[in-house]
Amino acid sequence: MADNFRDQINTARRAGYSDDELIGYLKDKDSRVTQALDSGYKPVEILEHLAPKLSTGEEILRKTGVAVRGVTEALAPMAAGAGAGMLMGGPVGAGVGALAGGLAAPLTDAATMFYNKMFGDTARTPSNVISSMLSGPRAETPTERVLQTGAGALGGTSGSVSAGRSIVNLGRTSPGLPATVAPGTLAIGQEAARLPIAQIVTAPLAASTGQTVTELTDNPLAGLAAGIGTSVVAGVRPVKRGAVPTADELKTQSKANYDILDKSNFQLSNSEFTSYMGKLPVKLRSFGFDPRIMPDVDAALAQLTSKTNPKTVQELDTLRTIIGTAAKSTKPAERLVASQLLDEFDNYVMNAPPSAVILSDVKAMKAWKDARADYAKMKKSEMITDIIENADVSQGSKEANIASQLSSLAKNDRKMRFFTPDEQEAIRASAKGGSLQTMLRTIAKFTPMTPAAAIFTAVNPFGLQTAAAGMAAKSLAETRRVQDVNRLASRMRLGKTPDVLEGAFENTPVFFTRGAQNMLGPVQQNQNAMTR
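Residues numbered from 1 in each chain as written. Predicted model: local features only at pLDDT ≥ 70, side-chain atom pairs only at ≥ 80, totals over all residues. Heavy atoms only, no water.

1. Some points on the overall build of the protein chain
Next up, step 1: Helix and strand counts for the protein chain come out as 24 helices and 4 strands.
Next up, step 2: Each of the 532 residues in the protein chain was classed as buried or not, and the buried ones make up 41%.
Next up, step 3: The long-range share in the protein chain, meaning contacts at least 24 apart out of those at least 6 apart in sequence, stands at 73%.
Next up, step 4: Of the accessible surface of the protein chain, which amounts to about 28800 Å², a share of 60% is contributed by carbon and sulfur atoms. (Helix = DSSP H or I, 4+ residues; strand = E, 2+ residues; numbered from the N terminus. Buried < 20%, exposed > 50% of the residue type's maximum accessible area, 1.4 Å probe, protein only. Contact = heavy atoms within 4.5 Å. Areas by Shrake-Rupley, 256 points an atom, 1.4 Å probe, with all protein chains shown as cover.)

See the structure below:
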């Protein structure tokens with residue numbers, strides 16, 4: 001009886017009643033309280049004698065019990081559903097029943113609360129009935145309700161994920177079972193078990209956040225929205241795209257085709273090749289070519305017009321390396337001319353007319369076609385990735401430098417001929433950057449990196465905040481530009497836009513459902529607390 005009295009006093013304390021209020025209530029019920037007051041004892045001293053507060057160990061034990069109650073309340077309907085499902089459909093039926101039981105309690109709770117609201121009734125919700133059948137401490141303070149809510153979400157989500165995985169595993173492994181299980185059932189199991197670790201980790205966090213909002217605002221709907229919102233945001237993932245070959249993989253693939261060509265004695269016509277290359281000095285003159293001050297380019301042209309070596313695959317690769325060395329000259333003007341020469345060389349090799357090909361093997365012809373396709377992909381990818389490499393060694397804003405290079409590429413009709421119409425459109429779109437990129441670049445101008453921006457930061461009352469926003473926008477704009485260029489390079493290596501395997505919001509349905517399911521319980525808890 002004494003323990004029961006102590007529990008009642010501590011429950012009243014947790015409900016917010018002061019010692020004076022409790023003593024004022026008890027003195028009318030027990031004359032000993034009045035006698036103690038008359039003897040000079042203070043209310044706190046009387047209550048400490050009649051009902052000592054919980055010790056640290058007892059408080060820990062109580063909160064553990066509250067958490068256990070939360071888990072039990074969540075798992076009880078699932079266990080009942082699993083039992084019923086086992087009787088009707090065996091192990092797979094048990095998984096389906098567990099999922100159904102976990103959903104049944106919050107859905108019927110919501111329906112009951114709606115009925116009570118509409119008709120002014122006081123019908124008890126199923127979760128309240130289940131809770132009344134369980135022993136152990138009940139959540140009585142905001143902290144305890146948050147704890148019970150989080151623990152219940154953890155238990156319920158873990159149970160749902162386990163049920164979903166059991167449906168999928170049994171549907172795949174049990175003898176004869178796949179033919180008897182509707183595909184929709186397996187799909188439900190797969191959805192319930194989607195991103196299991198993320199669901200289990202997110203559930204208590206989202207539910208606790210929602211319950212905290214409910215306690216602070218006394219608005220269950222605000223808590224419901226906060227819990228669902230937290231869960232949905234946690235479910236967002238980066239877009240997952242199909243595999244894209246790396247530059248090294250393309251080279252390996254090309255080498256396999258080149259090996260076939262080498263064994264087939266593949267060659268390009270020496271006379272046609274040297275005739276074409278012999279016309280290049282005149283073309284390069286318009287870009288500033290002067291053999292007297294550009295010895296590396298002059299040496300490369302001498303090799304290209306030499307009729308000494310047959311133009312085998314190996315020789316073509318050697319010639320491209322020679323041109324590439326000239327393109328790395330320390331002289332900017334020579335680098336520009338060498339880059340143009342490399343484009344002319346690649347254009348001829350990739351688009352050599354049939355009359356320039358010396359071979360008779362059908363297999364080699366296919367290898368030549370495939371090799372040229374891979375060669376073109378590497379060339380186009382290289383033109384894109386060079387943009388980032390150039391920006392890394394340039395002064396000024398990296399984002400602006402990348403944008404400038406993309407714009408220059410989009411305006412260069414000769415280089416754009418290397419790309420398909422779809423690729424050209426993608427380059428133009430990337431050069432424009434979109435409205436978000438423009439906005440970020442505008443905000444980035446407030447970064448105090450120039451005298452004008454530094455003065456503005458110094459005299460502006462919100463200068464520190466403005467500068468921080470500018471620096472954040474600058475970093476984000478640069479990151480987005482680099483990502484955009486990398487996506488372009490991936491598209492060039494693949495030969496098409498990578499397929500989207502999973503969108504950023506692919507997991508939204510299950511995280512939305514999970515957040516709503518876990519928050520229907522906390523809403524009822526708060527209402528119960530306010531009406532007791």
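2. Remarks on the packing of helix H11 (residues 247–263) against helix H17 (residues 362–392)
Next up, step 1: H17 packs onto H11 with a crossing angle of 155° between their chain directions and a minimal axis gap of 8 Å. With respect to H17, the element H11 is oriented roughly antiparallel. Read as a crossing pair, H11 and H17 show a hand that is left-handed. Contacts from Ala247, Leu250, Lys251, Gln253, Ser254, Asn257, Tyr258, Ile260 and Leu261 of H11 reach H17 at Lys363, Ala364, Ala367, Trp368, Asp370, Ala371, Asp374, Tyr375, Lys377 and Met378.
Next up, step 2: When its residues are assigned to classes, the contact of H11 with H17 shows 11 nonpolar, 3 polar and 5 charged. (Axes fitted to C-alpha atoms, helices over the stretch in contact; angles between N-to-C directions. Parallel < 35°, antiparallel > 145°, perpendicular 65-115°, else oblique. Left-handed = near helix turned anticlockwise from the far one by under 90°. Nonpolar A, V, L, I, M, F, W, Y, C, P; charged D, E, K, R; others polar.)

3. Examining the packing of aromatic side chains
Next up, step 1: Taken as a whole and judged by the stated rule, the model has 4 aromatic pairs.
Next up, step 2: Here the aromatic cluster, defined as three or more aromatic residues joined through ring pairs, consists of Phe273, Tyr276, Phe345 and Tyr348.
Next up, step 3: Here the basic side chain of Lys379 rests over the ring of Phe418, its NZ or CZ set 5.7 Å away from the ring centre. (Phe/Tyr/Trp six-rings, centres within 6.5 Å; stacked < 30°, edge-to-face > 60°. Lys NZ or Arg CZ within 6 Å of the ring centre and 35° of its normal.)

4. Some words on the nonpolar core
Next up, step 1: Ranked by internal contacts, the top residues of the largest apolar core, which has 56 residues, are Val297 and Phe345.
Next up, step 2: If we skip the residues at most four places from it in the chain, Phe345 touches Phe273, Met277, Leu304, Leu316, Leu319, Arg320, Ile323 and Tyr375.
Next up, step 3: If you look at the next biggest cluster of nonpolar residues, it comprises 10 residues, including Ile9, Leu26, Val33 and Ile46. (Core = buried A, V, L, I, M, F, W, Y, C linked by side-chain atoms within 4.5 Å.)

5. Some words on unusual backbone geometry
Most peptide bonds adopt trans geometry, and most residues besides glycine take a negative phi value.
Next up, step 1: Not every positive phi belongs to a glycine, and Leu195 is a case in point at roughly 40°.
Next up, step 2: Along the chain, Leu195 falls in the loop between helix H8 (183–192) and helix H9 (196–217).
Next up, step 3: On the accessibility criterion, Leu195 (30% relative accessible area) is partly exposed.
Next up, step 4: In this structure, Asp218 is a non-glycine residue whose phi angle is positive, near 55°.
Next up, step 5: Tracing the backbone through its elements, the reader meets Asp218 in the loop between H9 and helix H10 (220–234).

6. Some thoughts on the pattern of salt bridges
Next up, step 1: Scanning all chains against the criterion turns up 16 salt bridges.
Next up, step 2: One salt bridge in this structure joins Lys380 and Glu423, with 3.0 Å as the shortest N-O distance. Of this pair, Lys380 sits in helix H17 while Glu423 sits in helix H20 (residues 421–432); the two residues are 43 residues apart in sequence, bridging distant segments of the chain.
Next up, step 3: When salt bridges with common partners are traced through the structure, they connect Arg320, Asp343, Asp346, Lys379 and Glu382 into a single cluster. (Salt bridge = Lys/Arg side-chain N within 4 Å of Asp/Glu carboxyl O.)

7. Concerning the side chain of Gln405
Next up, step 1: Mapping Gln405 onto the fold places it in helix H18 (residues 398–411).
Next up, step 2: Side chain to side chain, Gln405 and Asn390 meet in a polar contact 3.2 Å long.
Next up, step 3: When neighbours within four sequence positions are excluded, Gln405 is seen to be in contact with Asp386, Ile387, Asn390 and Ala391. (Polar contact = N/O pair within 3.5 Å; in protein donor to acceptor, adjacent residues only side chain to side chain.)

8. A closer look at the environment of Ile167
Next up, step 1: For Ile167, the location among the structural elements is in helix H7 (residues 142–173).
Next up, step 2: Classification of Ile167 as buried rests on a relative accessible area of 1%.
Next up, step 3: In sequence terms Ile167 and Gly189 are 22 residues apart; their C-alpha atoms lie 5.4 Å from each other.

9. Quick look at helix H15 (residues 313–326)
Next up, step 1: If you check H15, its first and last C-alpha atoms are 20 Å apart, about what 14 residues at 1.5 Å a residue would give, namely 20 Å.
Next up, step 2: Among all positions in H15, only Val313, Glu315, Leu316, Leu319, Arg320, Ile323, Gly324 and Ala326 are buried.
Next up, step 3: Each element contacted by the buried residues of H15 is listed here: H11, strand E2 (267–268), helix H12 (270–278), helix H14 (295–304), helix H16 (332–350) and H17. (Expected span 1.5 Å × (residues − 1).)

10. Observations regarding the environment of Thr122
Next up, step 1: Within the element layout of this structure, Thr122 appears in the loop between helix H5 (56–119) and helix H6 (126–132).
Next up, step 2: In this structure the C-alpha to C-alpha distance between Thr122 and Thr112, which are 10 residues apart in sequence, comes to 9.0 Å.

11. Some remarks on the environment of Gly81
Next up, step 1: For Gly81, the position within the fold is in helix H5.
Next up, step 2: Not counting residues within four places of it along the chain, the set of residues in contact with Gly81 comprises Gly97, Ala98 and Gly101.

12. Topic: helix H21 (residues 434–444)
Next up, step 1: All of the buried residues in H21 are Gln437, Leu440 and Ala444. When H21 is viewed along its axis, its buried side chains cluster within an angular range of 65° and face the same direction. (Arc of directions from axis to C-beta.)

13. Description of the side chain of Ser208
Next up, step 1: Within the secondary structure, Ser208 sits in helix H9.
Next up, step 2: Residue classification places Ser208 among the buried positions, given a relative accessible area of 19%.
Next up, step 3: Look past the residues within four positions of Ser208 in its chain and what remains in contact with it is Val146 and Gly150.

14. Brief notes about the packing of H14 against H16
Next up, step 1: Where H14 contacts H16, the axes come no closer than 9 Å and their chain directions differ by 20°. Here H16 runs roughly parallel to H14, going by the angle between their axes. In contact with Pro295, Asp296, Val297, Ala300, Leu301 and Leu304 of H14, H16 contributes Glu334, Val337, Ala338, Leu341 and Phe345.
Next up, step 2: A breakdown of the residues in the contact of H14 with H16 according to their chemical character gives 9 nonpolar, no polar and 2 charged.

15. Remarks on the confidence of the model for the protein chain
Next up, step 1: Looking at the protein chain as a whole, the pLDDT averages 81, with 89% of positions reaching at least 70.
Next up, step 2: Within the protein chain, helix H22 (residues 451–459) has the poorest average pLDDT of any element, 61, and H14 the best, 94.
Next up, step 3: Here residues 523–532 is modelled with pLDDT under 50, and outside its nearest four sequence neighbours on either side it reaches 22 contacts, counting other chains as well. (pLDDT = per-residue confidence, 0-100.)

16. Re a nonpolar patch on the surface
Next up, step 1: Residues Phe114, Tyr115, Met118 and Phe119 make up a contiguous nonpolar surface patch of roughly 500 Å² in combined accessible area.
Next up, step 2: Note on placement: Phe119 falls in helix H5. (Patch = residues over 30% accessible without salt bridge, like charges linked within 9 Å, V, L, I, M, F, W, Y side chains within 5 Å.)

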